Amino acid sequence: MERQNAIPGHITEEQFNQMLISPESFGAKPESLSEQLFIERSLTENRFWLRIMKEHALFLGEGFNRKDTQHIQAADRFYHYFEQHERKSYQLANNVEVVRRFNEESIELVHGFRNFKRNLLILIINCKISGFNFPLLVDHIAREAEYFMRTLKKFNKGILEPIQDAIINENVFWLRIMMEHSRFIASLLDQSERNLVNVSRKFGDDFETLLNQARDVESMLYHKQPTYPIIGKMNKDSENATTELQAFKKAGLELIKSCQIRNVINPLLADHVLREAGHFLYMIKVLEDRLNQKKISEQR
Ligand SMILES: [Fe+2]
Ligand SMILES: [Fe+2]
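Chemist: Is there a simple way to think about the domain arrangement of the chain in this case?
Modeler: Interfaces are frequently sized by the accessible area removed from exposure as the parts join. Taken domain by domain, the chain comprises domain 1 (34-159) and domain 2 (161-300). If you average the C-alpha positions of domain 1 and of domain 2, the two centres end up 21 Å apart. Of the residues lining the interface, 22 residues belong to domain 1; the matching set on domain 2 comes to 20 residues. Both sides of the domain 1 and domain 2 interface together cover about 2000 Å² of buried area, and 61% of this is carbon and sulfur. Across the contact surface, domain 1 and domain 2 share 5 salt bridges. Between E180 and R143 there is a salt bridge, with the nearest N and O atoms lying 2.9 Å from each other.

Chemist: What is the right way to look at the coordination of the iron ion (ligand 2) in this model?
Modeler: Taken together, H140 (NE2), E144 (OE), H181 (NE2) and E276 (OE) make up the full set of protein donors to the iron ion (ligand 2), lying 2.0 to 2.3 Å away. For the iron ion (ligand 2), the 4 donor atoms in the first shell make angles of 83 to 160° at the metal, so the coordination geometry reads as irregular. For the iron ion (ligand 2), the single-chain donor residues occur in sequence as H-x3-E-x36-H-x94-E. Here the iron ion (ligand 2) and the iron ion (ligand 1) are spaced 3.2 Å apart, and both take E144 as a donor. Placement of H140 in helix α5 (residues 135-157) and of H181 in helix α6 (residues 163-188) is noted, with a sequence separation of 41 residues between them. We classify H140 as buried; its relative accessible area is 2%. Judged by its relative accessible area of 1%, H181 falls in the buried class.

Parameters at a glance
Residues numbered from 1 in each chain as written. Chains lettered and ligands numbered in written order. Predicted model: local features only at pLDDT ≥ 70, side-chain atom pairs only at ≥ 80, totals over all residues. Heavy atoms only, no water. Domains from an automatic or database assignment. Contact = heavy atoms within 4.5 Å. Buried area = accessible area lost by both parts, 1.4 Å probe. Salt bridge = Lys/Arg side-chain N within 4 Å of Asp/Glu carboxyl O. Donors = N, O, S within 2.8 Å, 3.2 Å for Na, K, Ca; no water. Tetrahedral: all angles 85-135°; square planar, octahedral: opposite > 155°, others 65-115°. Helix = DSSP H or I, 4+ residues; strand = E, 2+ residues; numbered from the N terminus. Buried < 20%, exposed > 50% of the residue type's maximum accessible area, 1.4 Å probe, protein only.

In structure tokens form, the structure reads like this:
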């Protein structure tokens, strides 16, 4: 067919077709991870998460019915595996191959622990085992294990997700974690601590709103053309809310340690959720720096 000439005021064939191209094809491509960054980021994540995994084993162990010696022993075994592996993470040579192998060992160990947690969850919600491990808490710590594995797998592939996708993924994961921490705190405080229970619940609702907003952004912009102002603002909103929650958790930890409030929170658990807020803030900072560098390099 002969090509039509453009009629003034009418859309051309080219203009029409332009809008039919897959928007995903305008998404940024993954970037490569430098060797130095690979080592640094791997060590940071391993040291942080191996301690967290070790503590999950401890918390699960404390939450079982005391007659359930099988699960208590299994949790103890994981505690020792993670303790040994965590110790090893401080003794590694500064070498890409050594770190890559260590990441693989972590993935294998965490994979087993993730399965253990997920199998437990099924037993708990089918009333096959009793105790005080809330289903949502078990799901929460299983998700943390899955996140840790995903992160190490990305490192071992040597790639960095495009900054927009990385910011979306991290926020969707972490905002849910922060929302749940707030609600776990609310349910482990004694209900006579009316003020603190209300404040924790309010944090839970605020993070739920941020999480839903982040999911909306994910739906609109994941794998799409870079839209930095929206992404930057989301990261900033998360930073502000998490800084506030971190201060609340820190104050709570002090009150628990000095026995000034009525609660059933293990001080180590209070410290654990405080460290996780700190790690989210660290991730936000890493992403913000990458985003700023990206903006500068694109202005040139
Ligand atoms: Fe955790
Ligand atoms: Fe957590």
